[in-house]
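# Overview (structure and organization)
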Amino acid sequence: MKAFRLWRLAPSLDASSTFLAPIVFEDIQPCLNFANTELSKKVYDGIFNNTVSVEPLFSQKMDEFQRCALSEMDTACLYCFKLGDLQTPFTISKMVRNRIIAVCDFVTYMRYIIQGLVKNSDKEVFGEVLQLRKKMCLARLGLEE
């Protein structure tokens, strides 16, 4: 909580800060650790640069299997994501999508704090940070709340 209070005085998305470094190491990196390591790194960078978009594939059916771009497994890929201005969509499974979204939710909340949009007390904001970390953990395990 002390590191969080200090971070909140001058918040940033600096992944080496005393508050964010353990979260990046313990939650974010494991959540984005996929078989396709090169693309995983691009997703990580895209999330922190706010250039990742995830969307459903309405034409895809549950019984149609494709190769997931990140897990490299043949599975039902009901979602896709795009990086930056690249219009090439990468198909992904629901489990991979949930892991990406969990990290996006966390980073977006950090952005809201940085922009001054979150006015709650340190205790309430820290509680939300813990909930978002829990969400990343559950997504990494393939579980949903």
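The paragraphs below set out a description of the structure included in this document. Here the residue index of a chain counts from 1 through its sequence in written order. Side-chain atom pairs in this predicted model are given and counted only at pLDDT of 80 or more, local residue features only at pLDDT of at least 70, and totals for whole chains, interfaces and linings cover all residues. Processing note: side-chain calculations cover all non-hydrogen atoms of the structure and skip hydrogens and water entirely.

Attention shifts here to the packing of aromatic side chains. Pairing of aromatic rings covers Phe, Tyr and Trp, the last through its six-membered ring, and needs centres within 6.5 Å; plane angles under 30 degrees mean stacked, over 60 mean edge-to-face, and all others mean tilted. If you walk through the whole model with that rule in mind, you get six aromatic pairs. Between tyrosine 44 and phenylalanine 48 the ring centres are 4.9 Å apart and the planes differ by 40°, which places this aromatic pair in the tilted class. Here tyrosine 44 pairs with phenylalanine 48, and both are found in helix α3 (residues 37-48), just four residues apart, close to one helical turn. Taken individually, tyrosine 44 and phenylalanine 48 each receive the classification buried, so the pair is uniform in this respect. Taken together, Phe4, Trp7, Phe19 and Phe126 form an aromatic cluster joined through their ring pairs. Looking at arginine 97, its charged tip hangs above the ring of tyrosine 79, at a distance of 5.2 Å from the centre. Helix and strand definitions follow DSSP, with helices as H or I runs of at least four residues and strands as E runs of at least two, each counted in order from the N terminus. Note on exposure labels: buried denotes an accessible area under 20% of the residue type's maximum, exposed denotes more than 50%, and partly exposed covers the range between, all computed with a 1.4 Å probe on protein chains only. We call a charge positioned above a ring when the Lys NZ or Arg CZ atom is no farther than 6 Å from the ring centre and deviates by at most 35 degrees from the ring normal.

With five of five residues buried, strand β4 (residues 79-83) is to be regarded as a mostly interior element. Taking every second residue as pointing to the same face, both faces of β4 are buried, with Tyr79, Phe81 and Leu83 on one and Cys80 and Lys82 on the other. In this sheet, β4 lies alongside strand β1 (residues 52-56) in antiparallel orientation, the contact comprising five bridges. Residue pairing across strands places glutamate 55 opposite cysteine 80, the latter belonging to β4. With three bridges joining them, β4 and strand β5 (residues 90-92) adopt antiparallel strand pairing. We call two strands paired when DSSP finds no fewer than two bridges between them.

It is worth spelling out helix α2 (residues 20-31) at this point. All of the buried residues along α2 are Leu20, Ile23, Val24, Asp27, Ile28 and Cys31. The arc that holds every buried residue of α2, seen down its axis, measures 130°, which confines them to one face. Any pair of residues with heavy atoms lying within 4.5 Å of one another is described as a contacting pair. Among the structural elements, α1 (2-9), α3, α4 (94-114) and α5 (122-140) are those in contact with the buried residues of α2. Directions pointing from the helix axis toward each C-beta atom define the arc.

Each nonpolar core is a collection of buried residues, namely Ala, Val, Leu, Ile, Met, Phe, Trp, Tyr and Cys, held together in the definition by side-chain atoms within 4.5 Å. If you look at the biggest cluster of nonpolar residues, it comprises 42 residues, and the most contacted ones within it are Ile28, Leu70, Ile100 and Phe106. Elements supplying a minimum of two residues to this core: α1, α2, α3, β4, α4 and α5. With 10 residues, α4 is the single largest residue contributor to this core.

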